[in-house]
Amino acid sequence: MPGSNARALEKARGLPADALILDLEDAVSPDAKDAARDLVAGAVGEGGYGARRLMIRINGLDTRWGAEDLEAALSVRPHAILLPKVARARDVAVIADTLSAADPNHPTTLWAMIETPLGVLNAAEIARAPRMAGFVLGTNDLAKDLHCRGRTDRLPLLGALSQALLAARAAGILCIDGVYNAFRDDAGLRAECEQGRDLGFDGKSLIHPAQIAIANDVFAPTEAEIALARAQVAAHDAAHARGEGVAVLNGRIVENLHVETARQTLAKAQAIADMG
Ligand SMILES: CC(C)(COP(=O)(O)OP(=O)(O)OC[C@H]1O[C@@H](n2cnc3c(N)ncnc32)[C@H](O)[C@@H]1OP(=O)(O)O)[C@@H](O)C(=O)NCCC(=O)NCCSC(=O)C[C@H](O)C(=O)O
Ligand SMILES: [Mg+2]
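What counts, and where the lines are drawn
- Residues numbered from 1 in each chain as written.
- Chains lettered and ligands numbered in written order.
- Predicted model: local features only at pLDDT ≥ 70, side-chain atom pairs only at ≥ 80, totals over all residues.
- UniProt positions renumbered as here; feature names shortened; annotations may be inferred.
- Helix = DSSP H or I, 4+ residues; strand = E, 2+ residues; numbered from the N terminus.
- Contact = placed C-beta atoms within 7 Å.
- Buried ≥ 20, exposed ≤ 12 C-beta atoms within 10 Å, placed from the backbone.
- Pairing = 2+ DSSP bridges.
- Near = placed C-beta within 6 Å.
- Nonpolar A, V, L, I, M, F, W, Y, C, P; charged D, E, K, R; others polar.
- Expected span 1.5 Å × (residues − 1).
- Core = buried A, V, L, I, M, F, W, Y, C linked by C-beta atoms within 7 Å.
- Axes fitted to C-alpha atoms, helices over the stretch in contact; angles between N-to-C directions.
- Parallel < 35°, antiparallel > 145°, perpendicular 65-115°, else oblique.
- Left-handed = near helix turned anticlockwise from the far one by under 90°.

K.L.:
Outline the UniProt feature "binding site: substrate" (unreviewed entry) in the protein, supporting the account with residue identities and numerical values.
P.N.:
Here the UniProt feature "binding site: substrate" (unreviewed entry) sits at Arg57 and Glu115. Spatial clustering of the annotated residues is evident: they stretch over 59 residues in sequence, but the largest pairwise C-alpha distance comes to 13.7 Å. Within the element layout of this structure, Arg57 appears in strand 2 (residues 53-57). Not counting residues within four places of it along the chain, the set of residues in contact with Arg57 comprises Ile21, Asp23, Leu24, Glu25, Leu82 and Pro84. Looking at where Glu115 falls in the secondary structure, it is placed in the loop between strand 4 (109-114) and helix 5 (117-121). According to the C-beta neighbour criterion, Glu115 is buried, with 26 such atoms within 10 Å.

Written out as structure tokens, the structure reads:
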């Protein structure tokens, strides 16, 4: 949400989102940047966001606002700082060093917007940068730089989306899909969320409260997935007790790797339940 929108910052305290991105970058006009920085720092400092993870997207350090944004963000210790248009691992390392120099135990992690051709090409090294905890895909900036046409199937973006995901998975960090701009188009949003879920994204970045329910619905494990995960764990445990490494459930084999996925599904369901 735009960091300049006081009403949105307030409303976010009650929205059923897992994480909030308080934006100082492209959602804020140049003449509102200083006020937005104060507003965001004030809101994070005041708290009241419950279990929602708080992320501040700062302006790039190559802009006239970036350094002040970083200082203000660090001072209120959000869960994460989201860096825009990251092109190389060293863009991240500079900030990680600043953070660690200020306080080696500073709890704030770094996230990167992957939204430029160079950022996609360097995604593997960016994912392994110090303090890096996740990617958010910037599909608007990517489409702009690729000169591609907007298509409902996102065919022109699929290579970049997959490369960013591969890099994130190889480094063991999270990867969140880009925004869906038509915020009154529920069917289009659902279709794009389904595509993102199929590809392997951990969630969807959103621009309007009306989009939250659909994203939650698509990205949460379904009752059937939870039941299957439980049955797979039970079948595998039983097989293990019999001294067998492989179980068979509904005519399909269940091996260690399936149990790992099943446990991830159950852990995600539990985390959602814990959010209340
Ligand atoms: C798109 C909007 C300008 C629409 O705003 P508005 O006209 O106020 O919508 P509504 O009247 O329907 O709003 C209803 C209520 O919800 C609140 N609201 C609106 N948006 C948000 C939000 N994002 N978070 C929290 N709350 C929000 C309104 O205040 C109303 O509240 P109430 O008074 O109680 O009724 C607006 O939604 C908007 O600005 N959206 C965010 C745009 C944004 O964040 N853009 C930057 C991120 S996307 C990006 O940068 C792309 C990426 O980098 C890339 O390259 O792809
Ligand atoms: Mg962008």
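Having seen the structure, we can now continue with the description.
K.L.:
Report on the sheet that holds strand 1 (residues 19-23), specifying residues and quantitative values.
P.N.:
Overall, parallel pairing links the 7 strands, which are arranged 1-2-3-4-5-6-7 in an open sheet. The outermost strands of the open sheet, each flanked by one partner alone, are strand 1 and strand 7 (203-204).

K.L.:
So what's going on with the site of ligand 1? Residues and values would help.
P.N.:
In the vicinity of ligand 1 there are 21 residues, among which Met1, Ala27, Gly138, Asn140 and Asp141 approach most closely. Mapped by element, the contributors of at least two residues to the shell around ligand 1 are helix 1 (6-11) and helix 7 (139-146). Looking at the shell around ligand 1, its residues break down into 10 nonpolar, 5 polar and 6 charged.

K.L.:
Tell me about helix 2 (residues 33-46), and please be specific about residues and values.
P.N.:
Along its 14 residues, helix 2 runs 20 Å from first to last C-alpha, staying within 8% of the 20 Å computed at 1.5 Å per residue. Within helix 2, the full set of buried residues consists of Ala36, Arg37, Leu39, Val40, Ala41, Ala43 and Val44. Lining the buried residues of helix 2 we find helix 1, strand 1, strand 2 and helix 3 (66-75). Gly47 sits one or two positions beyond helix 2 and adopts a positive phi of about 80°.

K.L.:
Please set out helix 12 (residues 256-275) residue by residue, giving values where relevant.
P.N.:
Here helix 12 is 20 residues long and its end C-alpha atoms lie 29 Å apart, about the 28 Å a rise of 1.5 Å per residue gives. The buried count for helix 12 comes to 2 of 20 residues, which makes it a mostly uncovered element. Remark: Gly276 follows helix 12 within two positions and exhibits a positive phi of approximately 80°.

K.L.:
Requested: an account of the nonpolar core, with residues and values cited.
P.N.:
Of all hydrophobic cores here, the largest spans 59 residues; its most connected members are Leu22, Leu83, Ala112, Phe135 and Ala164. If we skip the residues at most four places from it in the chain, Leu22 touches Met1, Gly3, Leu9, Val40, Ala43, Val44, Leu54, Met55 and Ile56.

K.L.:
With reference to specific residues and values, describe the UniProt feature "domain: HpcH/HpaI aldolase/citrate lyase" (unreviewed entry) in the protein.
P.N.:
Here, the residues flagged by UniProt with the feature "domain: HpcH/HpaI aldolase/citrate lyase" (unreviewed entry) are residues 2-209. Between the end C-alpha atoms of residues 2-209 the distance is 13 Å, and the span holds 43% helix and 15% strand.

K.L.:
If you had to explain the packing of helix 11 (residues 223-241) against helix 12 to someone new, which residues and values would you point to?
P.N.:
Helix 12 packs onto helix 11 with a crossing angle of 135° between their chain directions and a minimal axis gap of 9 Å. Here helix 11 is positioned oblique relative to helix 12, judged by the angle of their axes. As helix 11 packs across helix 12, the resulting crossing turns out to be left-handed. Each of Glu225, Ile226, Ala229, Arg230, Gln232, Val233 and His236 in helix 11 lies in contact with helix 12, whose residues at this interface are His258, Val259, Ala262, Arg263, Thr265, Leu266 and Ala269. Counted by class, the contact of helix 11 with helix 12 contains 7 nonpolar, 4 polar and 3 charged residues.

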